[in-house]
Amino acid sequence: MMMIRKLAAAALLTLGVAAATQGVASAATWVPAGVYPSSSACASAGNAGFPQGRWVGWRCENLHDGQYQLWVQPKY
């Protein structure tokens with residue numbers, strides 16, 4: 001019975017550490033936020049999110065077909 005308690009305590013500790021560090025890892029994750037017809041339209045959309053507090057960073061990726069993908073780092 002003592003061994004089961006030790007294993008259960010270790011499992012809960014591991015889950016707690018994983019849950020605590022998950023927010024840190026996800027804050028650095030880039031997520032897609034839209035596709036735009038030009039780099040200037042993509043940049044305008046990226047800049048528009050700052051005053052709204054929607055993200056902490058953005059970048060545009062050329063999709064090589066005349067479109068640009070906006071990627072953002074959400075504010076959690």
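Structure's up top.
About the cut-offs
Residues numbered from 1 in each chain as written. Predicted model: local features only at pLDDT ≥ 70, side-chain atom pairs only at ≥ 80, totals over all residues. Heavy atoms only, no water. Disulfide = S-S within 2.5 Å. Helix = DSSP H or I, 4+ residues; strand = E, 2+ residues; numbered from the N terminus. Buried < 20%, exposed > 50% of the residue type's maximum accessible area, 1.4 Å probe, protein only. Contact = heavy atoms within 4.5 Å. Phe/Tyr/Trp six-rings, centres within 6.5 Å; stacked < 30°, edge-to-face > 60°. Lys NZ or Arg CZ within 6 Å of the ring centre and 35° of its normal. Expected span 1.5 Å × (residues − 1). Arc of directions from axis to C-beta. Core = buried A, V, L, I, M, F, W, Y, C linked by side-chain atoms within 4.5 Å.

Undergrad: Before we go on, may I ask you to explain the state of the cysteines in this structure?
TA: Each disulfide is one covalent bond, formed between the sulfur atoms of two cysteines. Enumeration according to the criterion identifies one disulfide in this entry. The partner cysteine of Cys42 in its disulfide is Cys60, sulfur to sulfur 2.0 Å. For the disulfide bridge between Cys42 and Cys60, the dihedral angle about the S-S bond is near -105°, and by the sign convention the bridge is left-handed. One end of the pair, Cys42, is in helix H2 (residues 39–52); the other, Cys60, is in strand S2 (residues 55–62), with 18 residues separating them in the sequence. The exposure class of Cys42 is buried, given its relative accessible area of 0%. Residue classification places Cys60 among the partly exposed positions, given a relative accessible area of 29%.

Undergrad: Could you clarify how one ought to interpret the environment of Cys60 in this entry?
TA: Along the chain, Cys60 and Val35 lie 25 residues apart, while their C-alpha atoms are 9.1 Å from each other. Once residues lying within four places of it in the same chain are set aside, the contact partners of Cys60 are Cys42, Ala43, Gln69 and Leu70.

Undergrad: Can you help me understand the packing of aromatic side chains in this one?
TA: Both the distance between ring centres and the angle between the ring planes are used here to describe each pair of aromatic rings. Counted by the stated rule, this structure contains zero aromatic pairs. In this structure, Arg59 packs its charged tip against the face of Trp30, placed 5.1 Å from the ring centre.

Undergrad: How should I be thinking about H2 in this particular structure?
TA: In an α-helix, one turn spans 3.6 residues, which is why side chains three or four residues apart end up on the same side. The end-to-end C-alpha distance of H2, which contains 14 residues, comes to 21 Å, matching closely the 20 Å that a straight helix rising 1.5 Å per residue would cover. For H2, the complete set of buried residues consists of Cys42, Ala45, Gly46 and Gly49. Take H2 and look down its axis: the buried residues cluster within an arc of 95°, on one side only. On its buried side, H2 packs onto strand S1 (31–36), S2 and strand S3 (68–74).

Undergrad: Looking at this model, I keep getting lost on the nonpolar core. Mind explaining?
TA: A general tendency of soluble globular proteins is for nonpolar side chains to be buried together. Cys42, Ala45, Trp55, Leu70 and Val72 form the largest nonpolar core, which has five residues in total. When contributions to this core are tallied by element, the ones reaching two or more residues are H2 and S3. Among all residues touching Cys42, those that are not within four sequence positions of it are Tyr36, Cys60, Tyr68, Gln69 and Leu70.

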